[in-house]
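Next come the chains, spelled out residue by residue.
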Protein chains: 2
Amino acid sequence: MSKHITIVGAGLVGSLLACYLSKRGHRVSVFERRSDMRVAGYVGGRSINLALSHRGWKALKKIGLDKEVEPITIPMKGRVIHDLKGNTSFFPYGTADQAIYSVSRGDLNKIMVEKADSFPQVDFHFDERCAHIDFSANRVVFENTATKQQQTLESDLIFGADGAYSQVRYQMQLTPDFNIHQQHEPYGYKELHIPPGPAGEHLIEKNALHIWPRGNFMMIALPNMDGSFTVTLFNSFSGENSFAQLNDEKSVNDFFQNFFPDAVSLMPNISKHFFENPTSSLVTIRCYPWHHKNTCLIGDAAHAIVPFYGQGMNCGFEDVNELDDLMNALGEDWNAVLDTFQKQRKPNGDAILDLALHNYIEMRDLSGREDFQLRTKIEKKIAESFPDKFMTHYSMVTFSDLSYAEAKHRGEKQNELLDELMRLNDIATIWESALVLQKAEKWINENLS
Amino acid sequence: MSKHITIVGAGLVGSLLACYLSKRGHRVSVFERRSDMRVAGYVGGRSINLALSHRGWKALKKIGLDKEVEPITIPMKGRVIHDLKGNTSFFPYGTADQAIYSVSRGDLNKIMVEKADSFPQVDFHFDERCAHIDFSANRVVFENTATKQQQTLESDLIFGADGAYSQVRYQMQLTPDFNIHQQHEPYGYKELHIPPGPAGEHLIEKNALHIWPRGNFMMIALPNMDGSFTVTLFNSFSGENSFAQLNDEKSVNDFFQNFFPDAVSLMPNISKHFFENPTSSLVTIRCYPWHHKNTCLIGDAAHAIVPFYGQGMNCGFEDVNELDDLMNALGEDWNAVLDTFQKQRKPNGDAILDLALHNYIEMRDLSGREDFQLRTKIEKKIAESFPDKFMTHYSMVTFSDLSYAEAKHRGEKQNELLDELMRLNDIATIWESALVLQKAEKWINENLS
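In short, a report on the structure. (Residues numbered from 1 in each chain as written. Chains lettered and ligands numbered in written order. Predicted model: local features only at pLDDT ≥ 70, side-chain atom pairs only at ≥ 80, totals over all residues. Heavy atoms only, no water.)

**Describing the side chain of Ser 15 of chain B**
All names here are of chain B. Within the secondary structure layout, Ser 15 lies in helix α1 (residues 12-23). Judged by relative accessible area, which is 0%, Ser 15 ranks as buried. Setting aside chain neighbours within four positions, we find Ser 15 in contact with Ala 10, Asn 109, Met 112, Val 113 and Ala 116. (Helix = DSSP H or I, 4+ residues; strand = E, 2+ residues; numbered from the N terminus. Buried < 20%, exposed > 50% of the residue type's maximum accessible area, 1.4 Å probe, protein only. Contact = heavy atoms within 4.5 Å.)

Here you go:
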């Protein structure tokens, strides 16, 4: 039976959810606090490049959006690691045909809102802030950000797809027994820019994600369609070489000259951009329950994570995909759908959050270390040698349908093998030998089933 | 210079703070969401007996409130442990002249509001809900709970003393970089009652806190002035013998007959009361920062804890006491006062939260075990033998001025000694011997300085 469903938030997850629900025959009203990004453009200055990978593509494909999105993405087949001297090494993410895809958040969002808006049962309302929710009556009060005019909407079901600082969640926090852990990390980020070359070409390798790992901080770059790169410096707020110390032109210039000499030559007016762009913080959200009566959180609103595994959007899209599966399986019993949804997805939200936090250490520090680079090669070698039994941890998260919780668990388990192999004498010279692969096979047969 | 200060919340901490601030010469406006408890009475049914101890008394004394509060308190000199057969054993909390003091939250609150209201510079406003705060302008919007009329108050300083579900904190959560961990425990509580005897006498030992430790759950009883006891059952929400299973008259009667045979004979109509009273949950709050511009959280609003160490109110009163000390030391530099306050108190709020969570295990389980009872006796014996060098962990928290963080740290350290002594052969028979005390003295000299 057709229902009327309210979605708070017209971001990536909200607009995808609108497509899915309208395709199921429901009437969908989407309310967004910001202005229509198709008219107003997308607010930049905060690293807005994303990496679409398997889980995200899968959810787009199910609704036929993959074809429309594909042209605005750039495949990144692996990491290019830049050392202090500007030497680079390439580490593929997976097999030759696997990649993650750089995409502009704003461009992707526009396509998705267009798509959702093309369904006759979907209506969009911009500049409308969620001011209050009456959970018992399924009523949401929206306030127009310009006119301050309020309107109350009653519907059958309400989704909060309104991101890390979700207003729906703030309302839900006032209901009994709601648990939340909202934590800002001691590090943050600043967006910078590598412009295109004179002919619009990419000035560093186009089909890769670039990392300048420097121990306690790092810089990364993702390719854009116009030949430029969106660059992001991640750094602590305090301590040596932190944002706190980058407080004048000289300290900024020295910092970039010292730590990113190959990049700084591609980034004109680095100190000007540095001070023009904000330093943004990173927040994580763990909460539970995700639904109260007929209102449910989804995406970042339910489980905001840090960006270091490139999975925030992919996880949110997978939320939508799994919710759709549950609607197929459980039909119109909303309470069962929402209850199963939160029980099934919560451990996965927790797992990808932990993995993403850990991946900052991997990216900023380990990825630049020789022993870790060797370890990565060994892991890949084992995966290639036993493709039916062993997947690299990165592949489980990025290229598979394994739940995040299962991927985390298996990754931890596989670390035991890799720890063992790394302790072998002369591992740096014998890592491709039959001996190492035999040890791996024995361990796999004993430990993975 | 005299300032105008707004306090949100007229509970125990809010009314004490009003006394302190008005005594400093400030004008204080106190707004409370509930009705005036002096007129409307205090809403019962939720275990409202508290245990005043050293930190609380100290803060009351500084403002001259101890004399007015003393007559409504009952000293509890130790724990009376009730076993399954109804046998009891007494374990003193400290020395012969030390006690914690049972007091009714409602009666205490009334006295404190009366006191605060007696200062000419203090005005109280009941039935006024904090609806919004403009932190930059120091403005709070209050909404009358009956008329829905709103008023906006601008003042120099704003305190949120509005408890675990603080509205001030919810507003602060919307400011940048606010961290919060709000967690409900998997167990809760239900208030019950032992009425007075025919002549108004206490039917079990008056000057003690009674515990029926049963492993995964427990019942406790605190004496009231009228000869009755406020009884509280703490239990898990799910699992064997949990609240979930106590769902009809028979299961409740059987449960109390099986586990609390000596108490149930003193609790007429146990199943009736059981179903009349709500089952309440327990929430903990960790958050930071505590102040944003000129608005500051204090008491439970900043650090709500579970009740198992009897320190929630005492900690809140100590907050007020330390804030007062900081105002003496730092004068009118509010930002320095609030910033030092949060930095100084936050580790102590965290410490007492951890200690209180752990004490549930001690009360419901360990306190009923022979080995733990022996350990408690040994700890006390050492403290009596080396009074200048060694304090029991309970005494550090309850009867001393040591910071909670220091008390926690020292308690953990001292556990090493107690673990060591408990591993001695025949410790149950030799625990009072010179050998044991010599070992203790040696450890103390080597480890505590």
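The rest of the description comes next.
**Looking at the pattern of salt bridges**
Residue and element names in this part refer to chain A. Inspection of the entire model under this criterion finds 60 salt bridges over all chains. A salt bridge links Asp 254 to Lys 250; its shortest N-O distance comes to 2.4 Å. A residue pair is termed a helical-turn pair when its members lie 3 or 4 positions apart in one helix, as Asp 254 and Lys 250 do in helix α7 (residues 249-259) at four residues. Under the relative-accessibility criterion, Lys 250 is labelled exposed at 56%. A salt bridge links Glu 322 to Arg 345; the shortest N-O distance between them is 3.0 Å. Of this pair, Glu 322 sits in helix α11 (residues 312-330) while Arg 345 sits in helix α12 (residues 334-364), placing them 23 residues apart in sequence. Its relative accessible area of 17% is what places Glu 322 among the buried residues. A cluster of three or more residues bridged by salt bridges with shared partners is formed by Arg 55, Glu 318, Asp 319, Glu 322 and Arg 345. (Salt bridge = Lys/Arg side-chain N within 4 Å of Asp/Glu carboxyl O.)

**What about helix α7 (residues 249-259) of chain B?**
Residue and element names in this part refer to chain B. Every buried residue belonging to α7 is among Ser 251, Val 252, Phe 255, Phe 256 and Phe 259, and all of these are buried. The buried residues of α7 all sit within an arc of 125° when viewed along its axis, so they share a single face. In α7, the exposed positions that point more than 90 degrees away from the buried face belong to Glu 249, Lys 250 and Asn 258. Contact partners of the buried residues in α7: β13 (179-194), β15 (218-223), β16 (229-236), α8 (261-264) and α9 (270-276). (Arc of directions from axis to C-beta.)

**What about the relation of the copies chain A and chain B?**
Rotating chain A by 180° about the axis while translating it 0.0 Å along that axis superimposes it on chain B, leaving an RMSD of 0.0 Å. Considering both components of the superposition, the chain copies are consistent with a two-fold axis. Within chain A, His 181 of chain A has its C-alpha nearest the rotation axis, a separation of 2.1 Å. (Least-squares fit on C-alpha atoms with pLDDT ≥ 70 in both.)

**A few points about helix α13 (residues 370-385) of chain A**
Between the first and last C-alpha of α13 of chain A there are 22 Å, a value that for 16 residues agrees with the 22 Å anticipated at 1.5 Å per step. Every buried residue of α13 of chain A is accounted for by Phe 372, Gln 373, Leu 374, Arg 375, Ile 378, Glu 379, Lys 380, Ile 382 and Ala 383 of chain A. (Expected span 1.5 Å × (residues − 1).)

**Examining the interface of chain A and chain B**
Contacts between chain A and chain B engage 13 residues on the former and 13 residues on the latter. By the criterion of area lost to chain B, the three top residues of chain A are Gln 173, Asn 179 and Gln 182 of chain A, representing 35% of everything that side buries. Applying the counting rule to chain A against chain B returns zero salt bridges. Counting across the interface, chain A meets chain B through 14 residue pairs in polar contact (both at pLDDT 80 or more). For the side of chain A that touches chain B, the elements supplying multiple residues, two or more each, are α6 (167-172) and β13 (179-194) of chain A. No other element matches β13 of chain A, which puts six residues into the side of chain A that touches chain B. For the side of chain A that touches chain B, the per-class residue count stands at four nonpolar, eight polar and one charged. Pairing geometry for β13 of chain A and β13 of chain B, over three bridges, is antiparallel. Following the sheet pairing, Gln 182 of chain A is matched in β13 of chain B by Ile 180 of chain B. (Buried area = accessible area lost by both parts, 1.4 Å probe. Polar contact = N/O pair within 3.5 Å; in protein donor to acceptor, adjacent residues only side chain to side chain. Nonpolar A, V, L, I, M, F, W, Y, C, P; charged D, E, K, R; others polar. Pairing = 2+ DSSP bridges.)

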